[in-house]
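Secondary and tertiary structure notes
Listed below, chain by chain, are the residues.
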Amino acid sequence: MGADSFSAEAPVLGPGISEAVEWAGLVVARAHGMHLTQPDGRRVTDLMGAAGVNLLGHSHPGYVQAMTDQLQRWMIGAHGSDAREDMARQLRRLLPGQLDRIQLYSSGSEAVEAAIRLAKSATGRYEILSFWQSFHGRTMGSLAHTSGARSGLGPPMPGSISAPYADCAHCPLRLTYPGCDIACVDLARDVLREQSTGALAAVLVEPVQGRAGNVSPPAGYLARLRQLADEHGALLIADESMTGMGRTGVVFASDHPDVRPDIMVLGKGLGNGYPVSAVCSSLELMQRGPFGAPSASSSSYGGFPLACRAVAVVAEAVHDQDLAGRARLLGERLLNRLRQALAGLPLVAEVRGQGLALGIELDITGKEQLRRVFQQLLSAGVLVMTGGRTLRLYPPLTADEAELMAAADTLAEVLRRHWGEK
Ligand SMILES: Cc1ncc(COP(=O)(O)O)c(C=O)c1O
């Protein structure tokens, strides 16, 4: 494999891949922990982490061993297996009590799609409320609830309603928390009063908006959405594809007594790179409508043993090694380090985040400037994720603290060197 094989692929691959992957143009020969190694031996610190997928770190020894062993024994078919039993046992220790059943799928979009189907099935209704700047996937149902990706694709799924998210740094009501008393939820209530036909099946929300730039809503926001869903007799779906399994410093960002989602979607880090996602809910909801009928919610790969083994290893590590606690601690230190190092830099509008899902929002106008920042960082050996005007950082939850701080220092040094003055 030559170092220029990224461009050698170009005549074959279709356009439309991730902008950050395209800008990076990287070819990777092997990877370990938080590092990617190119064919010529150069190393890159991977803070992109496939946008939150790399939970345990690249080539995690326990993961590689368990997956290799499973691959050698059996991988095709959704029959019962020790892998699935193990997965069920490990997930049970993490999941909130009300979510006692899981169905497996292959991608976050597919699981969001299944969650919408489940909500419609259980309520007999068809409207879904989601939020501005959300990302829930690109299949047609999830796309209806994904901001900025619909243009040119015709009418979205009927019954799709959206209202502003609690993005306090860019409050659509120009209010300030806590004085606002989370007025954006009152606005969502007004939107429903105007637009709903009385058939609201679910409120669909990211507990932290990932693609929008790792935007955390204020305390109490999710509980207000719970109330809003209850007022309408609707379900609450927490899409924890990015936030789940410890990423934001708690195992699940929506696991709170005042929130108690009826349905949770998991993906990304759930399989640490093996494509597996899940819909978690209760038996009562799953068997209420057509969702629970024979073959009504299956997929070709759902529940295959390699996927189950991947989830079992991840869930065991998250539980036994308190990876959520680690993400919280490391995340606080990383956030402080970045805030200090970037303070006063005109390029930087905000440094934010929870756990190991951080965002550096830039004060820029166009994509070209974002691309330049991204590529300068990569030249210095630091790979980040992008989203809107934000650099998004998703180190593995197992990251070595000294390496992480060194990467933060490099990042800050590059931004200061090139964009120190406006
Ligand atoms: C919150 C959320 N939901 C769903 C998805 C879609 O997942 P996938 O790309 O695996 O289809 C994503 C992907 O970024 C996501 O962040």
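Just above sits the structure.
The numbering scheme is per chain: residues are counted from 1 as the chain's sequence reads. Reporting of local features is limited, given that this is a predicted model, to residues whose pLDDT is at least 70; pairs of side-chain atoms are given and counted only at 80 or more, and all residues count toward the totals for whole chains, interfaces and linings. Side-chain calculation: all heavy atoms of the structure are included, whereas hydrogens and water are not.

**Quick look at the site of the ligand**
For this description, a residue counts as near a given molecule or strand if any of its non-hydrogen atoms is within 4 Å of it. Every residue close to the ligand is listed here: Ser107, Gly108, Ser109, Phe135, His136, Gly137, Glu206, Asp239, Ser241 and Lys268. At 2.5 Å, a side-chain N or O of Ser109 approaches an oxygen atom of the ligand. In this structure, Asp239 approaches the ligand through a side-chain N or O atom, which is 2.6 Å from a nitrogen atom. With residues, only the protein chains shown are counted as cover, and all accessible areas are computed by Shrake-Rupley using a 1.4 Å probe. For the ligand, the accessible surface in isolation is 390 Å², of which the surrounding protein chains cover 79%. Among the residues forming the shell around the ligand, the class breakdown is 1 nonpolar, 6 polar and 3 charged. Two N or O atoms count as a polar contact when they lie within 3.5 Å, although within protein this holds only if one can serve as hydrogen donor and the other as acceptor, and sequence-adjacent residues are included solely when both atoms are side-chain atoms. Three classes are used, and their members are as follows: Ala, Val, Leu, Ile, Met, Phe, Trp, Tyr, Cys and Pro are nonpolar, Asp, Glu, Lys and Arg are charged, and the others, Gly among them, are polar.

**Thoughts on helix α12 (residues 323-342)**
Helix and strand definitions here come from DSSP, where helices need a minimum of 4 consecutive H or I residues and strands a minimum of 2 consecutive E residues; each element is numbered from the N-terminal end. What a helix should span is 1.5 Å times the count of its residues minus one. Taking 1.5 Å per residue as the helical rise, α12 with its 20 residues ought to reach 28 Å, and the 27 Å between its terminal C-alpha atoms agrees with that figure. Partly exposed residues are those whose accessible area sits between 20% and 50% of the maximum for their type, while under 20% is buried and over 50% is exposed, using a 1.4 Å probe and protein chains only. Burial in α12 covers these residues: Leu323, Ala324, Gly325, Ala327, Leu330, Gly331, Leu334, Leu335, Leu338 and Leu342. Packed against the buried residues of α12 are α11 (305-320), β11 (348-354), β12 (357-362), β15 (390-393) and α14 (401-419). A positive phi of about 80° marks Gly344, the residue just after α12. Should any heavy atoms of two residues lie within 4.5 Å, those residues are considered in contact.

**Focus: the pattern of salt bridges**
Salt bridge, as applied in this entry: a Lys or Arg side-chain nitrogen positioned within 4 Å of an Asp or Glu carboxyl oxygen. The final tally for this structure, using the stated rule, is 22 salt bridges. With a closest N to O distance of 3.0 Å, Lys367 and Glu19 form a salt bridge. Here Lys367, found in helix α13 (residues 367-379), pairs with Glu19, found in helix α2 (residues 19-24); they are 348 residues apart in sequence, far enough to count as distant. Judged by its relative accessible area of 25%, Glu19 is partly exposed. Arg333 is paired through a salt bridge with Glu401; the nearest N and O atoms lie 2.9 Å apart. Of this pair, Arg333 sits in helix α12 while Glu401 sits in helix α14; the two residues are 68 residues apart in sequence, bridging distant segments of the chain.

**Examining the sheet that holds strand β5 (residues 127-131)**
Judged by pairing direction, the sheet is mixed, and its 7 strands sit side by side in the order β4-β10-β9-β8-β7-β5-β6 without closing on themselves. Each edge of the sheet is formed by a strand with only one pairing partner; in this case those strands are β4 (101-105) and β6 (160-163). The average undirected angle you get between the axes of adjacent strands in this sheet is 20°. Here, a strand pair is defined by DSSP locating no fewer than two bridges between the strands. Sheet topology places β5 next to strand β7 (residues 200-205); 3 bridges connect them, and they run parallel. Bridge pairing in β7 links Glu127 to Leu200. Here an angle of 0 to 180 degrees is reported between the N-to-C directions of two axes, which are lines fitted to C-alpha atoms, with helices fitted over the stretch in contact.

**A short note on the side chain of Asp86**
Tracing the backbone shows Asp86 in helix α5 (residues 82-92). For Asp86, the side chain forms a polar contact with the side chain of Arg89, separated by 2.6 Å.

**Side note on the packing of α5 against α11**
Between α5 and α11, the least distance of the axes is 8 Å, while the angle of their chain directions is 30°. Here α5 is positioned roughly parallel relative to α11, judged by the angle of their axes. Where α5 crosses over α11, the handedness of that crossing is left-handed. For the pair α5 and α11, the contacting residues are Asp82, Ala83, Arg84, Asp86, Met87, Gln90 and Leu91 in the first and Pro305, Cys308, Arg309, Val311, Ala312, Ala315 and Glu316 in the second. By definition in this entry, angles of less than 35 degrees are roughly parallel, angles greater than 145 are roughly antiparallel, angles of 65 to 115 are roughly perpendicular, and the rest are oblique. It is the rotation of the near helix from the far one that decides the hand of a crossing: anticlockwise by less than a right angle makes it left-handed, clockwise makes it right-handed.

**Concerning the layout of surface pockets**
Only protein atoms enter the 1 Å grid, on which a cavity is a set of points fitting a 1.4 Å probe that cannot get out and a pocket is an open set with protein on both sides within 12 Å along at least 5 of 7 lines, lining residues being those with an atom within 4 Å of a point. Grid points are joined across faces, edges and corners, and a volume is the space filled by probe spheres set on the points. Empty space within the largest pocket amounts to approximately 1,000 Å³. The class makeup of the residues in the lining of the largest pocket is 16 nonpolar, 18 polar and 8 charged. Where each domain begins and ends is defined by an automated method or by a domain database. When residues of the lining of the largest pocket are assigned to domains, at least three fall in each of domain 1 (5-60 + 322-419) and domain 2 (74-320).

**Some words on the environment of Ala278**
Considering the arrangement of structural elements, one finds Ala278 in strand β10 (residues 277-281). Along the primary structure Ala278 and Met264 are separated by 14 residues, whereas in three dimensions their C-alpha atoms are 8.1 Å apart. The contact partners of Ala278, leaving out residues within four places of it in the chain, are Gln103, Leu104, Ala111, Met264, Val265, Leu266 and Leu270.

**Quick look at the nonpolar core**
Across soluble globular proteins, you tend to see nonpolar side chains buried next to one another. Met245, Leu338, Leu342, Ile360, Leu411 and Leu415 are the most contacted members of the largest nonpolar core, which has 84 residues in total. When residues in this core are grouped by element, the largest group, 11 residues, is from α11. If you count residues domain by domain, this core takes at least three from each of domain 1 (5-60 + 322-419) and domain 2 (74-320). Residues in contact with Leu338, not counting those within four places in the same chain, are Val351, Leu358, Ile360, Leu393, Ala408 and Leu411. Judged by nonpolar contacts, the second largest core, of 26 residues, contains Ala163, Cys184, Val185 and Val259. Residues enter a nonpolar core if they are buried and are Ala, Val, Leu, Ile, Met, Phe, Trp, Tyr or Cys, with the set joined through side-chain atoms within 4.5 Å.

**A word on helix α9 (residues 221-231)**
Residues Tyr221, Leu222, Ala223, Leu225, Arg226, Leu228 and Ala229 constitute the buried set of α9. Buried residues in α9 make contact with β5, α8 (183-195), β7 and β8 (235-239). Among the residues trailing α9, Gly233 stands out with phi positive, at a value near 65°.

**Describing the packing of aromatic side chains**
Each aromatic pair joins two rings of Phe, Tyr and Trp (for Trp, the six-membered one) with centres within 6.5 Å, and gets the label stacked for planes under 30 degrees apart, edge-to-face for over 60, and tilted for any other angle. In the structure shown here, the tally under the stated rule is 5 aromatic pairs. For the ring pair Tyr301 and Phe304, a centre distance of 5.7 Å and an interplane angle of 85° mean the geometry is edge-to-face. Given a relative accessible area of 55%, Tyr301 falls into the exposed group.

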